[in-house]
Amino acid sequence: AAAAAAAAAADGAVCISGSVAFGESEGCFIEMGAVLTTRALYLSEANVGSGGASLVLALPALLCASRMDPSLSPFPDRPLLLVATVARQYCLLLHSSLVADQWLAALRNLRVPVDDGDGGDGATAAPAAGSGPAAGGAPAAAAASDEPSLSLQQFGFRPSIFTRKGGRLVLNGRRLLFQPELAAASRLDACECAARALRLALALDEAEPLSSPRLVAFLDAASSLKAVRLDGLDEEQKLAFFLNVYHTMIQHAYSLLGPPSSLLKAISFFNTIAYQVGGDVFTLAELEHNVLRAPSCRPKSFFSKWVLPKSSYSFALTTADYRLNFALSCGSASGLATVPVYQPTLLGAQLDAVASAFLARTVAVSCRSGGGGGGGGDAAVALTLPKLFQWYARDFGSGKHAMEGAAVAMEFLRGPERELLRSRLAQEQKPDLEIRYAPFSFACSRLIELEVGRESSGRRISGGGPGG
C-alpha cells in the first residue's frame, strides 16, 4: 500500500490501509494497495512504487459500501467488499472477515452508507451533497469537473483480458456479474435486455444529474448485456438485438463523452468505445462492420482498408439487408437522429418505416431545364442521394450503376418526387437523370426514440439489392 499511502499523505488523516485484490473484470483480480482517508479512498497497483494512486474515490461520491453475500461471490471463503459510485461498483477482495469488518466500520465512521443486509450495492441511493454535476453538463463530464472521484475513465474501463493495439474503452462495466447472478442473467431474453437498455438510454436527459436513479438503472441494464446468450438467436432476432445494442452504445458514449466533432476524432471514437456482450467484446466499429454488416459490402473509401477493424465474431449476421444502411444511426446531421427500439416481431415494419423517414429527409429530386435524350423533350431530373449510396453501392445492386441506388430510393419515396423519379427510370434510352451524392456531416447529436406502428409492408429484402 506504499503508493496509495504516498498519494494520500497530503489528503486528510489515514483511517485504514492494507492490501486488496481489485476486481478489474469478472475474470481478473489485481493486487493493489488501498488507503482510506477522511477525504477519499485511494487504490494503487503494487508495482507502481510511489508514483501515485491509480484510482481516487472522493467520499461524497460513494453511494454505499457492503459485503457481498458469500453465495454470490466467486471467493466464498474470502470477504468481497463492494464500494459503489454512480459510475461503477468496485469489488475489493480482503484477507479475512475481521479485516472486512474493520473497513466497513471505518467507512461508516466517515458517514458512508453501509449496507449490513444482503450485500446490495446501494444503486438507487443518491450521492452525498455536493457530488452532483453542475447544471447543463453531461453526467461524467460534470462529475470530472466537480468530483475527482468520478472521472470520465471511471465510467469505462480497459480490462486486460480484452486488450489489443490501441485498446478498447468498455463502457458497460458498472457491475461485475459472478455466479449465480451471471447464470440468472444468461437466462434472460437477450432481445428484451437490449431493448430495455436502449429505452433507458433514450429516456436520459442530456444533463441527467448524478442523483438520478434513472442513470444508475441504465448503467446496470447495460452491464446485464455482458451475460446474455446469443447462440439461440435467429437472424431477425440478432438484427434487432444488435441494432439496439449499437444505438445504446451511441447514446451511452454521447452522454459521457459527447459526439466526435471531426473525421479523425470519429475514427478514434468508433474504434475505442466498446461494450462487453455475450462473453465477447466489440467496439462500435467492430459491431457495425464485423457483426451487423458482416455479410454486406465494405465501404468504397480510400481510408477504409486502414481504419476499419478486421475482427471476426461467431454471432455475426449472415444475411444481408440493404435497409441496414438506413437503420444504423450515429445521430449525424446527414441522417436521422431518431431510432426505434427494434423488436423481432415488428422488424420488417420498423425497417421500412426508418428507410422511408431516412430517405424522405436525405433524398432530393428536382427538375432542371435543358433535358433531352431519352426524355423526349422533358426536363431532366437532378437526384441527390446520401453519401452511403456511394460508399455501399454494392449493397443496392452490382455496384456498377448509380441507377441501382436511384431505384432503391424510389421504392421508399412518396408523392410527386416518387412519380418524377419513376418516370425517368422507366425511360428506355439513357434516362435524363443526373445523380449527385451529398457530403456526409460529422456533426452528430444524441438520439431520440422513434415510435413505429405495427403495420408492415412485409418487405424483407436480402442479398445485394431489390433484385437480389
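Refer to the structure presented above.
Residues numbered from 1 in each chain as written. Predicted model: local features only at pLDDT ≥ 70, side-chain atom pairs only at ≥ 80, totals over all residues. Heavy atoms only, no water.

Draft legend 1. Expanded view of the sheet that holds strand β15 (residues 433–437). One open sheet accounts for three strands, arranged β13-β14-β15; its pairing is mixed. Edge positions in the open sheet fall to β13 (364–368) and β15, since each of these has one partner strand only. Between one strand axis and the next, the sheet turns through 20° on average, direction left out of account. Summarising the sheet, strand β14 (residues 380–385) and β15 pair through five bridges and their orientation is parallel. The residue bridging Ala 382 from the neighbouring strand is Glu 434, located in β15. The strands that helix α15 (residues 416–425) touches are β13, β14 and β15; relative to β13, the one it contacts most, it runs at about 65°. (Pairing = 2+ DSSP bridges. Helix = DSSP H or I, 4+ residues; strand = E, 2+ residues; numbered from the N terminus. Axes fitted to C-alpha atoms, helices over the stretch in contact; angles between N-to-C directions. Contact = heavy atoms within 4.5 Å.)

Draft legend 2. Representation of the sheet that holds strand β6 (residues 80–84). Pairing within the open sheet is mixed, and its eight strands lie in the order β4-β3-β2-β1-β7-β6-β5-β8. Only two strands of the sheet have a single neighbouring strand rather than two, namely β4 (55–58) and β8 (114–115). Across the sheet, helix α2 (residues 97–109) lies against β1 (14–25), β2 (28–37), β3 (40–45), β5 (64–67), β6 and β8, angled at about 160° from β5, the strand it touches most.

Draft legend 3. Quick peek at the packing of aromatic side chains. A complete count under the given rule lists 20 aromatic pairs for this structure. Both rings, one in Phe 29 and one in Phe 75, keep their centres 5.1 Å apart while their planes meet at 85°; by these two values the pair is edge-to-face. Of this pair, Phe 29 sits in strand β2 while Phe 75 sits in the loop between β5 and β6; the two residues are 46 residues apart in sequence, bridging distant segments of the chain. Both rings, one in Phe 242 and one in Phe 282, keep their centres 6.2 Å apart while their planes meet at 70°; by these two values the pair is edge-to-face. Residue Phe 242 is found in helix α7 (residues 235–257), and its partner Phe 282 is found in strand β11 (residues 280–283); the two are separated by 40 residues along the sequence. We classify Phe 242 as buried; its relative accessible area is 0%. (Phe/Tyr/Trp six-rings, centres within 6.5 Å; stacked < 30°, edge-to-face > 60°. Buried < 20%, exposed > 50% of the residue type's maximum accessible area, 1.4 Å probe, protein only.)

Draft legend 4. Just the pairing of β6, in detail. For β6, the tally of buried residues reaches five of five residues, placing the bulk of the element in the interior. The pairing of β5 with β6 spans four bridges and is antiparallel. Bridge assignment links Ala 65 to a residue of β6, and that residue is Val 83. With antiparallel pairing between neighbouring strands as the criterion, β6 and strand β7 (residues 89–93) make up a hairpin whose turn holds four residues.

Draft legend 5. How the structure looks around the pattern of salt bridges. Applying the stated rule across the entire model yields 13 salt bridges. One salt bridge connects Lys 238 with Glu 235, and the closest N-O pair in it is separated by 3.3 Å. Placement of both Lys 238 and Glu 235 in helix α7 is noted, with a separation of three residues, approximately one turn of the helix. Residue class for Lys 238 comes out buried when judged on its relative accessible area of 9%. Among the residues examined, Glu 235 registers a relative accessible area of 18% and is labelled buried. Within the structure, one salt-bridge network assembled from shared partners comprises Asp 205, Glu 208 and Arg 214. (Salt bridge = Lys/Arg side-chain N within 4 Å of Asp/Glu carboxyl O.)

Draft legend 6. Quick peek at the layout of surface pockets. Of the volumes computed, that of the largest pocket is approximately 920 Å³. In terms of lining residues, the largest pocket is bounded by 37 residues, among which Glu 288, Trp 391, Tyr 392, Phe 440 and Phe 442 are the most central. When contributions to the lining of the largest pocket are tallied by element, the ones reaching two or more residues are α8 (263–270), α9 (284–292), α10 (304–307), α11 (324–327) and α13 (388–391). A breakdown of the residues in the lining of the largest pocket according to their chemical character gives 24 nonpolar, 10 polar and three charged. (1 Å grid on protein atoms, 1.4 Å probe; cavity = no way out; pocket = protein on both sides within 12 Å on 5 of 7 lines; lining within 4 Å. Points joined across faces, edges and corners; volume = space filled by probe spheres on them. Nonpolar A, V, L, I, M, F, W, Y, C, P; charged D, E, K, R; others polar.)

Draft legend 7. Just the pairing of β7, in detail. The buried count for β7 comes to five of five residues, which makes it a mostly enclosed element. Across the two faces of β7 the burial is the same, with Gln 89, Cys 91 and Leu 93 and Tyr 90 and Leu 92 all buried. The pairing of β6 with β7 spans five bridges and is classified as antiparallel. The partner of Leu 81 across the bridge, within β7, is Leu 92.

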